[in-house]
Amino acid sequence: MTTIEQQTIALAALFQASALVSNLANKGDIDGRDSKPLIDSLFIQNPEAFGDIYGNPAQNLQLGLSILQRISSSQSNEPEATRYALGLLHLERKLSANPSMLDTIGDGIHNAKRQADHFSSTHANTIAALADLYKQTLSNLSFRIRVTGNPTYLENNHTANQVRTLLLAGIRAAILWRQSGGRRWHLLLYRGRYAECSRNLLKANLP
């Protein structure tokens, strides 16, 4: 897998998480087939290969790849998903400067994995544990993601937990993008590369 492919997959995961946060905030519901690969990725901390983190991107990151392809091709600006994605990239930089918080998050994910193993990664108890971890750590940094939408949905406890868990999964994707060499200026100068790579990865799922 090339570096551009790794960066594209990580960005697709980031935009998928961001889009799902937007959907939860505005519609109160998401497709579990889109959220599960992102949540599962939190528990894959020491993969043997990059491809082990999200599995088949054409299947598990189809939503994110489609959004990234449209944005990179200037076919759409996807304002809410883009706002959350850029916010998560900024939040990741704040987190990277706080090694003690990184350790706390790592320990918290390790503890939540016991619940995921006992119930499932998408069970309400697991989601609540991951959401609480986000609330106790990332929510206390100087920069915070402001999620806007329908108060009816955002005030629902389980929906709020799903939002925080997906933001945590978005941070995971942002970390992976940085680790694979991604930089903010790449979002502008590598748009053509990301668009082409997204199209190619999506085509891999065609019969």
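Computed from a predicted structure; not experimentally measured.

Parameters and conventions
Sequence order as written defines the numbering, with residues in each chain counted from 1. For this predicted model, a pLDDT threshold of at least 70 governs which residues receive local features, and a threshold of 80 or more governs which side-chain atom pairs are given and counted, while totals over whole chains, interfaces and linings are taken from all residues. Hydrogens and waters are ignored; side-chain quantities use all the structure's heavy atoms. In this text, buried Ala, Val, Leu, Ile, Met, Phe, Trp, Tyr and Cys residues form a nonpolar core when linked through side-chain atoms within 4.5 Å. Relative accessible area decides the class of each residue, using a 1.4 Å probe on protein chains only: under 20% of the type maximum gives buried, over 50% gives exposed, and in between gives partly exposed. Where helices and strands are cited, they refer to DSSP runs of H or I of at least four residues and of E of at least two residues respectively, numbered from the N terminus. Any two residues whose heavy atoms approach within 4.5 Å at even a single point are treated as in contact. Think of it this way: a Phe, Tyr or Trp ring, Trp meaning its six-membered ring, pairs with another when their centres are within 6.5 Å, and the plane angle makes it stacked under 30 degrees, edge-to-face over 60, tilted otherwise. Geometrically, a charge over a ring is one whose NZ (Lys) or CZ (Arg) sits within 6 Å of the ring centre while staying within 35 degrees of the ring normal.

Trainee: Which residues make up the nonpolar core, and what values go with them?
Mentor: Formed by 60 residues in total, the largest nonpolar core has its most connected members in Leu38, Tyr54, Leu61, Ile105, Leu130, Leu138 and Leu168. Looking at which element gives the most residues to this core, the answer is helix α1 (residues 3–27), with 13 residues. Here Leu61 is in contact with Ile9, Ala12, Ala13, Gln16, Leu38, Tyr54 and Asn56, once residues within four sequence places are set aside.

Trainee: Would you mind going over the packing of aromatic side chains in detail, with residue names and values included?
Mentor: One pass over the full model with this rule turns up two aromatic pairs. With a centroid separation of 6.2 Å and an interplanar angle of 65°, the aromatic rings of Tyr190 and Tyr194 are classed as edge-to-face. The pair formed by Tyr190 and Tyr194 is uniform in burial state, with each residue classed as buried. Among the aromatic side chains, those forming a connected cluster through ring pairs are Trp185, Tyr190 and Tyr194. Sitting over the ring of Tyr190, Arg193 keeps its end group 4.2 Å from the ring centre.

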